[in-house]
Amino acid sequence: MNQPQIQEDEQKHVDAFNARIAAGKTIEPKDWMPEKYRKQLLRMMSQHAHSEVVGMLPEGNWLTRAPSLMRKAVLLAKVQDEAGHGLYIYSGAETLGTDRAEMIDQLLSGKAKYASIFNYPTLNWADMGAVGWLVDGAAIVNQTALAKCSYGPYARAMIRICKEENFHSKQGYQIMAHMMSGTKEQQEMAQDAINRFWWPVLMMFGPSDADSPNSDDLMKWKVKLYSNDDLRQRFIDRTVPQAEAIGIKIPDDKLKWNPTTRHYEFGEINFDELKSVITGNGPCNKLRMKQRNDAHKNGAWVREAAIAYAEKRAKE
Ligand code: FAQ
């Protein structure tokens with residue numbers, strides 16, 4: 001094929017891809033897609049899957065110390081759900097042509113990112129309420145939008161994940177509401193958890209729109225339907241009344257309802273802290289990477305056994 005013919009064919013692919021996006025149709029694994037679209041999705045989906053997996057660690061920390069059998073069973077189920085979310089998203093990401101083992105290597109070597117929030121410690125039981133209510137609550141706001149994104153496998157994975165995250169958020173809120181109706185000491189513990197988690201949770205939505213290098217492409221391709229700042233605002237607007245309902249104070253002196261815009265105004269986010277955490281300098285980055293690497297090493301025999309079993313079944 002000569003060069004002009006190749007260019008003409010390529011342009012036809014680009015036009016068909018853009019037309020699908022403009023019409024709100026999904027892109028499926030076997031459809032033609034621009035290389036940059038594939039790469040951006042792989043980056044985002046693999047980071048997301050890593051976040052679900054690393055995200056099990058701060059809550060896993062409390063499985064052996066939950067205050068009752070009921071609380072332990074609920075937390076265990078939640079942590080297992082997060083493992084499932086990781087698996088769906090890794091499977092979705094594999095449809096873009098990269099093997100799961102390679103993505104996991106990138107996580108374990110420190111090359112790939114995962115959500116900043118999981119680099120903060122969980123110091124007391126109320127933190128389980130804060131993580132469920134706020135972290136899963138933030139995840140829902142972000143993921144409800146992703147459930148309508150342009151890449152079919154990612155959007156479909158999000159539908160089930162969002163349903164489960166809703167339960168997670170409610171169980172976290174219930175822990176907080178319960179503690180806020182308890183003793184003064186329990187109320188202080190709940191407030192302390194929110195004081196520590198509020199700002200890092202707002203950072204989960206990413207840098208401000210002006211400093212978000214990936215947003216232009218992702219929004220043009222309808223992977224992101226809303227910007228980082230829009231989703232952050234949506235999260236604040238829905239969370240502040242929930243806090244008020246149980247007597248929790250949001251640790252932001254500038255927080256104020258604006259009846260004209262019908263949104264809350266809020267104080268300045270320390271994006272230098274976000275930068276520092278995502279470049280490896282958060283309070284628990286080193287611990288999280290060690291825990292994941294140890295778990296991977298200790299699980300080698302399980303992977304070997306699964307491969308041996310699959311080979312035996314194939315021979316039979
Ligand atoms: N943490 O240009 P942008 C959960 C990076 S799931 C770490 O704005 P983008 C469930 C970003 O990657 C939570 N890195 O990037 C659960 C980029 O770096 P790169 C995970 C961050 O992609 C609950 C650079 O900064 N959810 O919580 C963060 O357009 C409880 C520039 O940023 C998802 O992953 C951050 N917070 O927007 C599990 C959702 N923010 O890659 C267990 C899918 C930014 O160029 C327990 N992802 N960066 O080197 C997204 O929606 C987007 O990727 C954003 C970032 C919004 C996170």
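Look above for the structure.
I will try to describe carefully the structure that is included in this document. All figures in this text were calculated on a predicted structure; none of them were measured in a lab.

## Here's the deal with the overall build of the protein chain
Inference 1: Assigned secondary structure in the protein chain consists of 13 helices and two strands.
Inference 2: For 316 residues, the compact-globule formula gives about 20 Å, and the C-alpha radius of gyration of the protein chain, at 21 Å, lands near that figure.
Inference 3: Oriented by its inertia axes, the alpha-carbon framework of the protein chain measures out at about 75 × 60 × 35 Å.
Inference 4: By residue count, 32% of the 316 residues in the protein chain fall in the buried class.
Inference 5: In the protein chain, the proportion of contacts linking residues at least 24 apart, taken out of those at least 6 apart, comes to 73%.

## Here we look at the environment of Ile117
Inference 1: Mapped onto the elements of the fold, Ile117 is located in the loop between α5 (100–108) and α6 (126–146).
Inference 2: Along the sequence, Ile117 and Met203 sit 86 residues apart, while their C-alpha atoms lie 7.8 Å from each other.

## Description of the site of the ligand
Inference 1: What surrounds the ligand is a group of 28 residues, the closest being His48, Gly55, Gly206, Ser212 and Asn214.
Inference 2: Put simply, the parts of the chain that give the shell around the ligand at least two residues each are α2 (35–54), α6 and α9 (215–220).
Inference 3: The dominant element in the shell around the ligand, judged by the number of residues it contributes, is α2, at six residues.
Inference 4: Its residues assigned to classes, the shell around the ligand shows twelve nonpolar, eleven polar and five charged.

## Details of the packing of α6 against helix α10 (residues 228–246)
Inference 1: Following both chains from N to C, one finds α6 and α10 inclined at 130°, their axes separated by 10 Å at the closest point. For the element pair α6 / α10, the angle class is oblique. Note on packing geometry: the crossing formed by α6 with α10 is right-handed. For the pair α6 and α10, contact is made by Leu134, Gly137, Ala138, Val141, Asn142 and Ala145 and by Leu231, Arg234, Phe235 and Thr239, respectively.

## Section: the environment of Met128
Inference 1: Relative to the helices and strands, Met128 resides in helix α6.
Inference 2: Along the primary structure Met128 and Glu59 are separated by 69 residues, whereas in three dimensions their C-alpha atoms are 6.5 Å apart.

## With respect to the nonpolar core
Inference 1: Judged by nonpolar contacts, the single largest core of 63 residues is most densely connected at Leu41, Ala130, Leu134, Ala138, Tyr154 and Val201.
Inference 2: When residues of this core are traced back to their parent elements, those giving at least two are α2, α4 (69–94), α5, α6, α7 (152–180), α8 (184–203), α10 and α11 (271–281).
Inference 3: Sort the elements by how many residues they give to this core and α6 lands first, with twelve residues.
Inference 4: Contact partners of Leu41, with chain neighbours within four places excluded, come to Leu96, Tyr151, Tyr154 and Val223.

Calculation notes
- Residues numbered from 1 in each chain as written.
- Predicted model: local features only at pLDDT ≥ 70, side-chain atom pairs only at ≥ 80, totals over all residues.
- Helix = DSSP H or I, 4+ residues; strand = E, 2+ residues; numbered from the N terminus.
- Rg over C-alpha atoms; globule rule 2.2 N^0.38 Å.
- Buried ≥ 20, exposed ≤ 12 C-beta atoms within 10 Å, placed from the backbone.
- Contact = placed C-beta atoms within 7 Å.
- Near = placed C-beta within 6 Å.
- Nonpolar A, V, L, I, M, F, W, Y, C, P; charged D, E, K, R; others polar.
- Axes fitted to C-alpha atoms, helices over the stretch in contact; angles between N-to-C directions.
- Parallel < 35°, antiparallel > 145°, perpendicular 65-115°, else oblique.
- Left-handed = near helix turned anticlockwise from the far one by under 90°.
- Core = buried A, V, L, I, M, F, W, Y, C linked by C-beta atoms within 7 Å.

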